[in-house]
Amino acid sequence: MLNTAVKAARRAAAVINRASFDLDRVSVTEKQHNDFVTDVDQAAEQAIIEVLQKAYPSHAFLCEESGTTGNVNDESEFVWIIDPLDGTTNFIHGFPQYAVSIALQQRGVITLGLVYDPVANDLFTAEKGAGAYLNEKRIRVRKQDRIAGALLATGYKNGSPKALDEYLKMYAITAERSHGVRRAGSAALDLAYVACGRLDGYYEKGLQPWDIAAGSLLVTEAGGIAGEFNGESDHMTSGNIIAAGPKVFGQLVGLLTEFA
Ligand code: LIP
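Residues numbered from 1 in each chain as written. Predicted model: local features only at pLDDT ≥ 70, side-chain atom pairs only at ≥ 80, totals over all residues. Heavy atoms only, no water.

1. Here we look at the environment of Leu-168
Our working rule: Strands here are runs of E lasting at least two residues and helices are runs of H or I lasting at least four, both read from the DSSP assignment and numbered beginning at the N terminus. Any residue under 20% of the maximum accessible area for its type is buried, any over 50% is exposed, and the rest in between are partly exposed; the area is computed with a 1.4 Å probe on protein chains only.
Take Leu-168: it is sitting in helix 4 (residues 161–175). What makes Leu-168 partly exposed here is its relative accessible area of 47%. Taking the C-alpha atoms as reference, Leu-168 lies 17 Å from Leu-207; in sequence the two are 39 residues apart.

2. Side note on the sheet that holds strand 12 (residues 180–182)
Here is the rule: What makes two strands pair is DSSP finding at least two bridges between them. Here an angle of 0 to 180 degrees is reported between the N-to-C directions of two axes, which are lines fitted to C-alpha atoms, with helices fitted over the stretch in contact. Note on contacts: a residue pair is in contact if any heavy atoms of the two residues lie within 4.5 Å.
A sheet is described by the order of its strands in space; here five strands give the open sequence 12-11-13-15-14, paired in mixed fashion. Among the strands making up the open sheet, the edge pair consists of strand 12 and strand 14 (225–227). Within this sheet the neighbouring strands show an average axis-to-axis angle of 15°, counted without direction. Judged from the three bridges that link them, strand 11 (residues 151–154) and strand 12 form a sheet pairing that is parallel. Its bridge partner being in strand 12, Leu-152 is matched across the sheet by Val-181. In the packing of helix 6 (residues 209–221) onto the sheet, the strands contacted are strand 14 and strand 15 (241–244), and the crossing angle to strand 15 comes to about 30°.

3. A short note on the UniProt feature "binding site: Mg(2+)" (unreviewed entry) in the protein chain
Keep this limit in mind: UniProt positions are given in the numbering used here, feature names are shortened, and annotations may be inferred rather than shown by experiment. The definition of a polar contact used here is a pair of N or O atoms within 3.5 Å, where within protein one atom must be able to donate a hydrogen and the other to accept one, and adjacent residues in sequence count solely through side-chain atom pairs.
According to UniProt, the positions carrying the feature "binding site: Mg(2+)" (unreviewed entry) are Glu-64, Asp-83, Leu-85, Asp-86 and Asp-211. Spanning 148 residues, the named residues nonetheless gather at one spot, since no C-alpha pair among them exceeds 9.6 Å. As for its position among the elements, Glu-64 is in the loop between strand 3 (60–63) and strand 4 (67–69). Glu-64 sits in the buried class, given a relative accessible area of 17%. Beyond its immediate stretch of four places on either side in the chain, Glu-64 contacts Lys-31, Glu-45, Ile-82, Asp-83, Pro-84 and Trp-210. At a separation of 3.2 Å, a polar atom in the side chain of Glu-64 contacts the side chain of Lys-31. Mapped onto the secondary structure, Leu-85 falls in strand 5 (residues 79–86). Sequence-distant contacts of Leu-85, defined by excluding residues within four places in its chain, comprise Ile-16, Val-40, Asp-41, Phe-91, Tyr-98 and Ala-99.

And the structure:
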């Protein structure tokens, strides 16, 4: 299944890379304020579904653009959770920080995760109980004991004035206590970077299952923790996530639990 998912991701990447050479021809639609979809997101998603559906006709799908196909719930045997182009706003502007994210959920548990950066040709993969890999090399979260020495990341989905106020408060609390907080615009890549130690921690609120499903498994299979702002493990349901190595995770929960 991992090989088939990789094949699907590479198909989507071919669509994305081809379009990235001529961004003026990309048709952009605003789903809601500052939340965009392009014909490239849709074509990449169709390319992924085509490969997976051909190999597994009975499987179900939960996708950012085309929604659900088949029976999608915690009893479902196989559900593919797909974000064909995570970081769409970056893609539209030619800012090279976006990725294909594919996860497999079996009876409510994420068992396979893949994040593919088509610009850097970085393939992050993980299978439950079998570790996490970058371009087939085993990866681990960075050993970082103190948030004071950590490089963090976050994100913000344009929302209400209350959401912005909250985001700015969290940013201030974390920025002044760490080496810095990056906001690069792709949750899937932020989580993959935590898994391989390029970042020591990441937090964001208001995300969708397809933004974080694959990345969360990468982090946990790399020895990190992914959870809710209160430390519980229902981040996939709430869409609020903290992900980091064990020590920094605990410290971030301490700082951010009031925003849960
Ligand atoms: C994006 C996330 C990012 C978040 C953006 C957006 P999309 O996903 O990856 O972390 O800050 O608001 O949700 O919409 O590009 O798939």
